[in-house]
Amino acid sequence: MLSVKGLKAKVGDKDILKGLDLEVGPGEVHAIMGPNGSGKSTFAHVLSGREGYEVTAGSVDFNGQDLLGLEPEERAQLGLFLAFQYPVELPGVNNTYFLKSAVNAIRKARGDDELDAVSFLRLMKERLKVLHLNDSLLKRPVNFGFSGGEKKRNEIFQMAMLEPKLAILDETDSGLDIDALRIVAAGVNALRGPERSMLVVTHYQRLLDYIKPDYVHVLAQGRIIRSGGKELALELEEKGYSWITDGEAA
Amino acid sequence: MSAAALTTRPPDPALLAWLGQAGEPPTSADEPAWLAELRHDAAARAPDQGMPTQKSEGWRYTGLSALIEQGFKPQQKPISALQSEDLDKALIDGLETYRLVMVNGQFEPRLSQLDGLPTGVHIGGLAELIAQDPDRLAGQLGQIAGAGQHLFTSLNTANFADGLVMLLDEQVQLDRPVELLHLSIGLDEPSVAQPRHLVVLAAGAQAELIERYLSFDQAPYCNNAVVEIRLAERAQLHHYRLQQESPSAYHLSGLYLEQAAASRYRGINIGLGATWSRTDLVTRFLAEQADCGLQGLYLAGDRQLIDYHMDVQHQVPHCSSRENFKGILHGKGRAVFDGRVYVARDAQHTDAAMSNRNLILSPNAEVDTKPQLEIYADDVKCSHGTTVGQLEPEMLFYLRSRGISAPLAQRMLCLGFAGEIIDALGPEPLREQVTEAVGQRLEQSPL
């Protein structure tokens, strides 16, 4: 599904990713953990095709496609989804209209018919129900004036509508209180499936109490320095990142 | 001023052409003396006002050479080529209105729909009323605009042939909007139409007026329209102005507004068309608690200049005014915003705010924006703000990360930006039409 080999990337003159390897199989949930500045968010952004990052070496294969040569919209059309750490406010752009444009752009790229207004509304209502969201978010401009929790829920709702093959959750727990965290995590769990892989990027263990990963990787200084099962996350929580990163430096 | 003034100073040849060969207004035996005098004074004033040059502040960014080179001439005879099938193309689906249609500046009763007007309402052609009952116009027509902001108002006053007259008695409320539809078709000779409209709402009357400008072909022509509006105490007018003329058209329009106590005016100006356009919005408050809102959206691309000038005069206390204009510039488009608000010494407790925000989508586009607040009173609440910016890369990336192509993402953000103004258009079919027109323009035009 996703195969990252020797990925190096820099921002300006600064090397951030220094040879990152990662294999994600279908339906697997991988957590990428690491201290601040380890390159977690850069990795998420490079995968999604955000501008401002220069890939200097390595490859990213996504279901047989060279991801790095594609525009952001082409990656999304192939089934990649990034849940933003800081969802962007789009004043004046209605949330429903935005979702419909996105769903139909992706359907069109896959050779499916575009959904008409009625089918789209039906799909939207169904997904709202699964995520236990109310529809007041839909009438407002995208993320505009949303609370932190509403923004994150809206990200998960978009994910539910777009049905990605690989979802990258970038620090989805940041800025959420425990209740909001539970709601968001429940939404994510509802979307788990054998055909949907997830990459959960997080600094803290607490999100992983609710979203149980199959694998945990520790990212430090631009590389994955340790991989393991979910017990690795608990160990990190207990001992802190220095437990691993100091060992690495020595 | 006398007729001699015309001969003492050789008028500009272009100006002479607009006035007609003799430089004299077309007087008609049917017209009352006060109207003949009005026209005569305007014709005499025109040469003194002169053809503006780019040295004058109000025209610094808006050159007139292209307009003059076209050699527009006043149109001689009415056009009867348009049929009701043609009209269908100009109508907006689902929009129920009382409709007055002007074709090349002449009222066309065959295409108009004024049946079922309630009592206390007069809506009809100006020429007709001049011929039948000119007293109803005395003291109104020409009195609100006066000498006007510049030469072009005087040229209109000297030459107008026809237009809309809309008179509402006290407390009358219209059940449907009034639609004033200007249709233009090209003639062998490039011509100028000078429609003149008068809207008077008596105390407590309420109405919605939709003023639209459309072209039927790509031939060059010019519209030089003047609208005079007088709102008595507590009268309310919602006024939607849609300029969607062809890319070869020249458009001049002057709106002169006079507001009595506690009256309320909401004007939404949509400027999408014409190769060259200049609009002047002039407001004068006569008494306290009057409230004027001027909003606008302009979209200028290649070979297009769109100029909005405002002059809001706070001469009396306790009135409020809002100016909120947004612009989108693409290709080599150019726009001018000049929003002047004047607050006289006696106009205490004035509440005035002005905003002009622009999105520039191309490095070759240009906007010249000039908010001006002139305040002589010391207890007022006034603010202004101007921005010129580009689409946020963050926003574009967010949309593209959801599978939306870059061009569609741009259009969605532009429509989101414009939405605030479009949403102020009352009737939903009108909002849909403008949204679609803006979307189409952005889709077809190079950014």
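Preceding block: the structure.
Residues numbered from 1 in each chain as written. Chains lettered and ligands numbered in written order. Predicted model: local features only at pLDDT ≥ 70, side-chain atom pairs only at ≥ 80, totals over all residues. Heavy atoms only, no water.

*Asks:* Help me understand the overall build of chain B in this model?
*Replies:* When helices and strands are counted, chain B shows 10 helices and 21 strands. Against the compact-globule benchmark of 22 Å for 447 residues, chain B has a radius of gyration of 21 Å, which places it among compact chains. Overall, chain B is about 70 × 55 × 50 Å in size when its C-alpha atoms are taken along their principal axes. Split into buried and exposed, the 447 residues of chain B put 60% on the buried side. A separation of at least 24 residues holds for 85% of the contacts in chain B among residues at least 6 apart in sequence. When the accessible surface of chain B is totalled, it reaches about 17000 Å², and 47% of it is carbon and sulfur. Each charge sign in chain B was given a centre, from 36 positive and 56 negative side chains, and these centres are 5 Å apart. (Helix = DSSP H or I, 4+ residues; strand = E, 2+ residues; numbered from the N terminus. Rg over C-alpha atoms; globule rule 2.2 N^0.38 Å. Buried < 20%, exposed > 50% of the residue type's maximum accessible area, 1.4 Å probe, protein only. Contact = heavy atoms within 4.5 Å. Areas by Shrake-Rupley, 256 points an atom, 1.4 Å probe, with all protein chains shown as cover. Lys, Arg positive; Asp, Glu negative; His and termini not counted. Charge placed at Lys NZ, Arg CZ, Asp CG, Glu CD.)

*Asks:* It is not clear to me how the sheet that holds strand β1 (residues 2-11) of chain A should be interpreted in this structure. Could you clarify?
*Replies:* In a beta sheet, neighbouring strands are held together by backbone hydrogen bonds and run either parallel or antiparallel to one another. Residue and element names in this part refer to chain A. The 4 strands are arranged β2-β1-β4-β5 in an open sheet whose pairing can be described as antiparallel. Whereas interior strands pair on both sides, the edge strands pair on one side only; in this sheet they are β2 (14-24) and β5 (65-66). Of the pairings in the sheet, the one linking strand β4 (residues 54-62) to β5 comprises 2 bridges and is antiparallel in character. When the bridges of β5 are listed, aspartate 61 appears paired with aspartate 66. Across the sheet, helix α1 (residues 40-48) lies against β1, β2 and β4, angled at about 70° from β2, the strand it touches most. (Pairing = 2+ DSSP bridges. Axes fitted to C-alpha atoms, helices over the stretch in contact; angles between N-to-C directions.)

*Asks:* Can you walk me through the environment of Ser355(B) in this structure?
*Replies:* Residues and elements named next belong to chain B. Position of serine 355 relative to the elements: it lies in strand β19 (residues 351-360). Exposure remark for serine 355: the relative accessible area of 18% places this residue in the buried category. Taking C-alpha positions, serine 355 is 4.8 Å from glycine 385, a pair spaced 30 residues apart along the chain. Every residue in contact with serine 355, bar those within four places of it in the chain, is listed here: Glu323, Asn324, Phe325, Phe337 and Gly385.

*Asks:* Can you walk me through the sheet that holds strand β17 (residues 320-329) of chain B in this structure?
*Replies:* Residue and element names in this part refer to chain B. Spatially, β3-β2-β6-β9-β11-β13-β15-β17-β19-β21 is the arrangement adopted by the 10 strands of the open sheet, whose pairing is mixed. Because the sheet does not close on itself, it has two edges, and the strands there are β3 (106-107) and β21 (381-389). Relative to the sheet, helix α9 (residues 406-422) contacts β13 (264-271), β15 (291-300), β17 and β19, its axis offset from that of β17 by approximately 155°. Lying on the sheet, helix α10 (residues 428-444) is in contact with β9 (206-215), β11 (236-244), β13, β15 and β17; it crosses β11 at an angle near 25°.

*Asks:* I'm lost on helix α5 (residues 148-162) of chain A in this one. Help?
*Replies:* At 3.6 residues per turn, the α-helix brings residues three or four places apart onto the same side. Residue and element names in this part refer to chain A. Taking 1.5 Å per residue, 15 residues should reach 21 Å; α5 reaches 21 Å between its end C-alpha atoms and fits that length. Inspection of α5 places Gly149, Lys151, Lys152, Asn154, Glu155, Ile156, Phe157, Gln158, Met159, Ala160, Met161 and Leu162 among the buried residues, and these make up the whole buried set. After α5 finishes, the residue glutamate 163 shows a positive phi value of roughly 50°. (Expected span 1.5 Å × (residues − 1).)

*Asks:* What is the right way to look at the interface of chain B and chain A in this model?
*Replies:* Much of the literature gives interface size as the accessible area that the parts lose upon coming together. Every contact between the two is made by 15 residues of chain B and, on the other side, 32 residues of chain A. A combined buried area of about 1900 Å² lies between chain B and chain A, and 65% of that area is made up of carbon and sulfur atoms. Ranking the residues of chain B by area buried against chain A places Phe397(B), Tyr398(B) and Arg402(B) at the top, with a combined share of 40%. Remark: the boundary between chain B and chain A carries 4 salt bridges. With a closest N to O distance of 2.7 Å, Glu73(A) and Arg400(B) form a salt bridge. The tally of links from chain B across to chain A stands at 11 residue pairs in polar contact (both at pLDDT 80 or more). Of all elements in the fold, only α8 (393-400) and α9 of chain B reach the threshold of two or more residues within the side of chain B that touches chain A. (Buried area = accessible area lost by both parts, 1.4 Å probe. Salt bridge = Lys/Arg side-chain N within 4 Å of Asp/Glu carboxyl O. Polar contact = N/O pair within 3.5 Å; in protein donor to acceptor, adjacent residues only side chain to side chain.)

*Asks:* Looking at this structure, how should I read the environment of Pro177(B)?
*Replies:* Residues and elements named next belong to chain B. If you trace the backbone, proline 177 turns up in the loop between β5 (164-168) and β6 (178-184). You can call proline 177 buried: its relative accessible area is 10%. Taking C-alpha positions, proline 177 is 9.1 Å from histidine 238, a pair spaced 61 residues apart along the chain. Apart from the residues lying within four places of it in its own chain, the contact partners of proline 177 are Glu96, Thr97, Tyr98, Glu208, Ile210 and Pro427.

*Asks:* How should unusual backbone geometry be read in this particular structure?
*Replies:* Most peptide bonds adopt trans geometry, and most residues besides glycine take a negative phi value. Phi is positive for Glu163(A), close to 50°, though the residue is something other than glycine. On the basis of relative accessible area, Glu163(A) is assigned to the partly exposed category, the value being 36%. Here Gln171(B), not a glycine, exhibits a phi torsion of approximately 65°, which is positive. The residue Gln171(B) is located in the loop between β5 and β6 in this model. When its relative accessible area of 47% is taken as the criterion, Gln171(B) is described as partly exposed.

*Asks:* What is the right way to read the packing of aromatic side chains from this model?
*Replies:* Two aromatic rings, taken as a pair, are described by how far apart their centres are and by the angle between their planes. Going through the model one piece at a time under the given rule, you end up with 10 aromatic pairs over all chains. A centroid spacing of 6.0 Å and a plane angle of 15° characterise the contact between Phe98(A) and Tyr398(B), whose relative ring orientation is stacked. Of this pair, Phe98(A) sits in helix α3 (residues 95-109) while Tyr398(B) sits in helix α8, each in a different chain. Like Phe98(A), the residue Tyr398(B) is buried in the burial classification. With 5.6 Å between their ring centres and 50° between their planes, Phe325(B) and Phe337(B) make a pair best called tilted. (Phe/Tyr/Trp six-rings, centres within 6.5 Å; stacked < 30°, edge-to-face > 60°.)

*Asks:* I tried to follow the pairing of strand β8 (residues 196-201) of chain B on my own but got confused; where do I start?
*Replies:* Residues in a regular strand point their side chains to alternate faces of the sheet. All names here are of chain B. Of all 6 residues making up β8, 6 are buried, and the element is well covered by its neighbours. Because side chains alternate across β8, one face comprises the buried residues Arg196, Leu198 and Val200, and the other comprises His197, Val199 and Leu201, equally buried. Two elements, β5 and β8, share 4 bridges in a ladder whose sense is parallel. Each bridged residue has a counterpart across the sheet, and for valine 165 the counterpart in β8 is leucine 198.

*Asks:* Got a minute to help me understand the nonpolar core in this structure?
*Replies:* What tends to happen in soluble globular proteins is that the nonpolar side chains get buried as a cluster. Judged by nonpolar contacts, the single largest core of 113 residues is most densely connected at Leu2(A) and Phe43(A). By residue number, the principal contributor to this core is α9(B), which donates 9 residues. Filtering out sequence-adjacent residues up to four positions away, Phe43(A) remains in contact with Val4(A), Leu7(A), Leu17(A), Leu20(A), Leu22(A), Ile32(A) and Leu199(A). (Core = buried A, V, L, I, M, F, W, Y, C linked by side-chain atoms within 4.5 Å.)

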